[in-house]
Protein chains: 2
Amino acid sequence: MSHLEQSFSVKFEYKIFFTSSLFDTGNPIFSDFFKGRPSESVRKIFFVVDQGVADTHPDLLKDIKAYFTAHQDVQLIEHVLIVPGGEASKNDPILFEQIVEAVNTYGIDRHSYIVAIGGGAVLDLVGYAAAVSHRGIKHIRIPTTVLSQNDSGIGVKNGINYKGKKNFLGTFAPPASVFNDDEFLTTLTDRDYRSGISEAIKVALIKDPEFFYWIEKHTQQLAQRDTDTMNYLIKHCAQLHLNHIGGDDPFETGSARPLDFGHWSAHKLEQLSNFEVLHGEAVAMGIALDSAYSFLKGMLTEEKLLKILNVLAALSFNISDPIIQINDQQSPILLGLSEFQEHLGGLLTITLLTDIGTGKEVHEMDHELLIKASAYVTAFTQHYTSQNTIKH
Amino acid sequence: MSHLEQSFSVKFEYKIFFTSSLFDTGNPIFSDFFKGRPSESVRKIFFVVDQGVADTHPDLLKDIKAYFTAHQDVQLIEHVLIVPGGEASKNDPILFEQIVEAVNTYGIDRHSYIVAIGGGAVLDLVGYAAAVSHRGIKHIRIPTTVLSQNDSGIGVKNGINYKGKKNFLGTFAPPASVFNDDEFLTTLTDRDYRSGISEAIKVALIKDPEFFYWIEKHTQQLAQRDTDTMNYLIKHCAQLHLNHIGGDDPFETGSARPLDFGHWSAHKLEQLSNFEVLHGEAVAMGIALDSAYSFLKGMLTEEKLLKILNVLAALSFNISDPIIQINDQQSPILLGLSEFQEHLGGLLTITLLTDIGTGKEVHEMDHELLIKASAYVTAFTQHYTSQNTIKH
Ligand SMILES: NC(=O)c1ccc[n+]([C@@H]2O[C@H](COP(=O)([O-])OP(=O)(O)OC[C@H]3O[C@@H](n4cnc5c(N)ncnc54)[C@H](O)[C@@H]3O)[C@@H](O)[C@H]2O)c1
Ligand SMILES: NC(=O)c1ccc[n+]([C@@H]2O[C@H](COP(=O)([O-])OP(=O)(O)OC[C@H]3O[C@@H](n4cnc5c(N)ncnc54)[C@H](O)[C@@H]3O)[C@@H](O)[C@H]2O)c1
Ligand SMILES: [Zn+2]
Ligand SMILES: [Zn+2]
């Protein structure tokens, strides 16, 4: 038997900038990025914007045009593509085609840039279209939700849904750069704002106890949408996600997926609710369920479990919505386990908790114990609500 | 200004095996590949086969089934998808969807395999569908043409055409493994067989003078389709391509593309001929043109140029087809220059020759000199043909 061998490494590097008023002509951050990467040829820049952002920031397109009139490092393509926000952007294949079509029409090459401004869904769509057009056009992300600023927008994954299957098509494609502008967050609904906090709780629970206790101390400021508190949360959460991605397996070749703590049921819940339940809301429910399971399994103390449930409740996450309750072996939530396994490929691998800040992988989940964990969370909520009703 | 930084490297490794009768149950190479990567879960394997291969190898599907009955390391999905061979497979988006649909229907996960058996076009299609399904399913290539065994099939690129634009959608995605079986080559037409030899001449001319002189010595054996000679050519050519890819810029982030020597006009020619001219045939024409240009530019001696043209002619490549002739500034071939620049992005970067085995990048091409180079090649062919007619 004769053979040849190939072996090489590819280095990926990018920065996540934190700023306010990104497109104020006096703010050089965006333009400096291009100055820092001089080029012998003209580079074009094409913007795709989330409808929800365009609607709530009516001056945005005007500001972008003014910015590139003042800063001529790259050549702005005048036409800005607006796409619907939220999951709709990932469900409609026409939107993918519109971006590819723009690449064709405007002659956007691999030295040019496609920028996405929006929530995680729009970033996933645009990131995918950019990654496969001409085998990868440079992609800049400007995330505008809490979730996308602290998690999805700073990572390496993109994707669209295919016939209702979440992220069925996608790639691993690190961005050229990410710009987090805190002003975008001011126009989020309370639900969208809160929703993104659950990813911070998630990563704190598996990686960083100090950060969890910091969140525990700041639930009120977060509930009141205090800017400095949120800025700290986002930056710290982003750093934890970056550390994880930059670790052993950036492109997720193995079955372990610790950042998916709480997610096996969350994915199923989103789908069962027809995406009425937001991703972050579903994750909060999933965290509650798997934390209660960890306690009932004898891995986590009840004291720690109650800390977790109290933080979720203090942020007004609804963690015992009837939709998440697992009442018997026929509960559709339980199908989430096999779907999660299919999604990972290979062995079922679920992260549970042995402590606040410490995850542990298991390869099976006991359905009876899950029914009990669900009942525990429901009982906790009833107790919490009655207590807090009395207090007020 | 505050920022976070991300930086990581991803290692890619794969082997290219050379064998005969890959699916003979007595041949362990294919099955050993899976044994060498034990898994805790059941891995499925799904085959997509080039129609041109299925037609000329009527026992292939039966042999594959018998092979996986004898070797149970992976679970064969009984349904084998047959797709049209050649450029048609990259032009029809339905074929892409059929593969994605199969991933969905058969529950093919990221620990499973999608195998493509076929020419470069089918490998490009299947590689692309595998790369974006679930963000990347492991992909095994079994190239069945000279070109795909020595060049496209052992590299890191895939792609499909979009509205007639070549490779408009695609990714960089190294295969899990490649298996080159020389028996497939026996059923190629003479045109397809010869066509792939031009990529070997190309890479020899820019990287390896010894290899060029070896080809010069073996034109007759190659023309007569001698197996050992072709096996040597393929393996050596594959190694040169691997060395290049494994060098500085595997995923082609810069503008330099030395392996595209002779290709700026070739791409245009294929298109102008409605893909009647095969890729390798177009490359042979492109090599002749750019070598003649290198001579007229004073970079290459006429003696070396004539060696190159003689080798191409001895292999019966038609290097002065009217379609490649550049008669004046209005010649459509010249548009290939700006299209090539758009394809690369950034600066126009063309590789020329200063010697056999030595490429040199230039950033502009003189149209008048290209007209002269084209005339030189035509005159050479007339002379060569008359000489050879007299000899016979
Ligand atoms: N790629 C990844 O690694 C990754 C990780 C986690 C989640 N995700 C994906 O992210 C998506 C969820 O993202 P999300 O939580 O950011 O929400 P989203 O993108 O679904 O947006 C929610 C809503 O907020 C609107 N919106 C966005 N920014 C706004 C602003 N500044 N002001 C007012 N409205 C605004 C949008 O128009 C939309 O209606 C899901 O599709 C999920 O699968 C991806
Ligand atoms: N991905 C890359 O890096 C890369 C590099 C170079 C070329 N390519 C692509 O490769 C394609 C050309 O590939 P090709 O030259 O292998 O030809 P091809 O794939 O176009 O196939 C040519 C014909 O041969 C038939 N065929 C294939 N194997 C056969 C066999 N063993 N016996 C009989 N018939 C057989 C096919 O059905 C088809 O009709 C182009 O699309 C080109 O863009 C890709
Ligand atoms: Zn999440
Ligand atoms: Zn080629």
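Residues numbered from 1 in each chain as written. Chains lettered and ligands numbered in written order. Predicted model: local features only at pLDDT ≥ 70, side-chain atom pairs only at ≥ 80, totals over all residues. Heavy atoms only, no water.

In the nomenclature of an unreviewed UniProt entry, chain A corresponds to 3-dehydroquinate synthase from the organism Pedobacter frigoris. The UniProt entry for chain A carries this comment under Cofactor (unreviewed entry): "NAD(+)". (UniProt positions renumbered as here; feature names shortened; annotations may be inferred.)

1. Some points on the domain arrangement of chain A
Residues and elements named next belong to chain A. With domains assigned, chain A is organised as domain 1 (15-187) and domain 2 (204-391). Distance from the C-alpha centre of domain 1 to the C-alpha centre of domain 2: 30 Å. In this assembly, 21 residues from domain 1 lie in contact with 20 residues from domain 2. Buried surface at the junction of domain 1 and domain 2, both sides included, amounts to about 1,700 Å², of which 70% is carbon and sulfur. Sorting the residues of domain 1 by area buried against domain 2 places Phe-18, Asn-150 and Phe-172 first, and these three jointly supply 29% of that buried surface. Remark: the boundary between domain 1 and domain 2 carries two salt bridges. The partner of Lys-166 in a salt bridge is Glu-270, and the shortest N-O contact between them spans 3.8 Å. Our count for the domain 1 to domain 2 interface comes out at four residue pairs in polar contact (both at pLDDT 80 or more). The set of elements that each furnish at least two residues to the side of domain 1 that touches domain 2 consists of strand 1 (2-19), helix 7 (146-150) and strand 8 (165-169). The class makeup of the residues in the side of domain 1 that touches domain 2 is nine nonpolar, six polar and six charged. (Domains from an automatic or database assignment. Contact = heavy atoms within 4.5 Å. Buried area = accessible area lost by both parts, 1.4 Å probe. Salt bridge = Lys/Arg side-chain N within 4 Å of Asp/Glu carboxyl O. Polar contact = N/O pair within 3.5 Å; in protein donor to acceptor, adjacent residues only side chain to side chain. Helix = DSSP H or I, 4+ residues; strand = E, 2+ residues; numbered from the N terminus. Nonpolar A, V, L, I, M, F, W, Y, C, P; charged D, E, K, R; others polar.)

2. Side note on the UniProt feature "domain: 3-dehydroquinate synthase N-terminal" (unreviewed entry) in chain A
Taken from the UniProt record, the annotation "domain: 3-dehydroquinate synthase N-terminal" (unreviewed entry) applies to residues 81-194 of chain A. Helix and strand shares over residues 81-194 of chain A are 35% and 25% respectively, and the end C-alpha atoms of the span are 28 Å apart.

3. What about the site of ligand 1?
Residues and elements named next belong to chain A. Surrounding ligand 1, one finds 23 residues, the nearest of these being Asp-50, Thr-144, Thr-145, Lys-166 and Thr-187. Interatomic distance of 2.7 Å between a backbone N/O atom of Gly-120 and an oxygen atom of ligand 1. Contact with the protein chains hides 86% of the accessible area of ligand 1, taken as 870 Å² for the molecule alone. Contributing elements (two or more residues each) for the shell around ligand 1: helix 2 (51-56), helix 6 (120-132) and helix 7. (Near = heavy atom within 4 Å. Areas by Shrake-Rupley, 256 points an atom, 1.4 Å probe, with all protein chains shown as cover.)

4. Details of the coordination of the zinc ion (ligand 3)
Residues and elements named next belong to chain A. Summarising the metal site, the zinc ion (ligand 3) is bound by the protein donors Glu-199 (OE), His-263 (NE2) and His-279 (NE2), whose distances to it range over 2.0 to 2.2 Å. One chain supplies every donor for the zinc ion (ligand 3), spaced along it as E-x63-H-x15-H. A residue pair is termed long-range when its members are at least 10 positions apart, and Glu-199 in helix 9 (residues 197-207) and His-263 in helix 13 (residues 263-272) qualify at 64 residues. You can call Glu-199 buried: its relative accessible area is 1%. (Donors = N, O, S within 2.8 Å, 3.2 Å for Na, K, Ca; no water. Buried < 20%, exposed > 50% of the residue type's maximum accessible area, 1.4 Å probe, protein only.)

5. Here's the deal with the pairing of strand 10 (residues 350-355) of chain B
Residue and element names in this part refer to chain B. Sheet topology places strand 10 next to strand 11 (residues 358-362); five bridges connect them, and they run antiparallel. In the sheet register, Leu-352 faces strand 11, and the bridge partner there is Lys-360. Here strand 10 hands over to strand 11 after two residues, with Gly-357 in that stretch at a positive phi of 100°. (Pairing = 2+ DSSP bridges.)

6. Looking at the interface of chain A and chain B
Listed per partner, the contact involves 67 residues of chain A and 67 residues of chain B. Applying the counting rule to chain A against chain B returns two salt bridges. Here chain A is connected to chain B by 29 residue pairs in polar contact (both at pLDDT 80 or more). Top element by residues in the side of chain A that touches chain B is strand 1 of chain A. It accounts for 17 residues. Classifying every residue of the side of chain A that touches chain B gives 28 nonpolar, 22 polar and 17 charged. Bridge count for strand 1 of chain A against strand 1 (residues 2-19) of chain B is 17 bridges, and the pairing is antiparallel. By the bridge assignment for strand 1 of chain B, Ser-2 of chain A is matched with Phe-18 of chain B.

7. Regarding the site of ligand 2
All names here are of chain B. Contacts to ligand 2 come from 23 residues, most closely from Asp-50, Thr-144, Thr-145, Lys-166 and Thr-187. Between ligand 2 and the protein, one listed contact pairs an oxygen atom with a backbone N or O atom of Gly-120 at 2.7 Å. In the complex, 86% of the free accessible area of ligand 2, which totals 870 Å², lies under the protein chains. At the level of elements, helix 2 (51-56), helix 6 (120-132) and helix 7 (146-150) are the ones that each hand at least two residues to the shell around ligand 2. Looking at the shell around ligand 2 residue by residue, the class counts come to five nonpolar, 11 polar and seven charged.

8. A few points about the relation of the copies chain A and chain B
For the match of chain A to chain B, the screw axis carries a shift of 0.0 Å, the RMSD comes to 0.0 Å, and the turn is 180°. Here the transformation between the copies is reduced to the relation of a two-fold axis. The rotation axis passes nearest to the C-alpha of Val-10 of chain A in chain A, at a distance of 2.7 Å. Interface residue correspondence from chain A to chain B reaches 100%, placing this contact among same-surface, isologous pairings. (Least-squares fit on C-alpha atoms with pLDDT ≥ 70 in both.)

9. A word on the pattern of salt bridges
This model, assessed by the stated rule, comprises 28 salt bridges over all chains. Close ionic contact of Glu-281 of chain A with Arg-191 of chain A constitutes a salt bridge, the shortest N to O distance being 2.7 Å. Highlighted residues: Glu-281 of chain A in helix 14 (residues 279-296) and Arg-191 of chain A in helix 8 (residues 190-195), separated in sequence by 90 residues. The class for Glu-281 of chain A is buried, based on a relative accessible area of 12%. Put simply, Lys-268 of chain B and Glu-339 of chain B hold a salt bridge, and the shortest N to O gap is 2.9 Å. Highlighted residues: Lys-268 of chain B in helix 13 (residues 263-272) and Glu-339 of chain B in helix 16 (residues 335-344), separated in sequence by 71 residues. For Lys-268 of chain B, a relative accessible area of 6% puts it in the buried group. Take Glu-339 of chain B: its relative accessible area is 35%, and that puts it in the partly exposed class.

10. Examining the pairing of strand 2 (residues 44-50) of chain B
Residue and element names in this part refer to chain B. Within strand 2, six of the seven residues are buried, which leaves it mostly tucked inside the rest of the structure. Pairing analysis gives two bridges linking strand 2 to strand 3 (residues 75-76), with the strands arranged parallel. The residue bridging Lys-44 from the neighbouring strand is Gln-75, located in strand 3. Pairing of strand 2 with strand 5 (residues 113-118) involves five bridges; the strand directions are parallel. In the strand pairing of strand 5, Phe-46 is matched with Ile-114.

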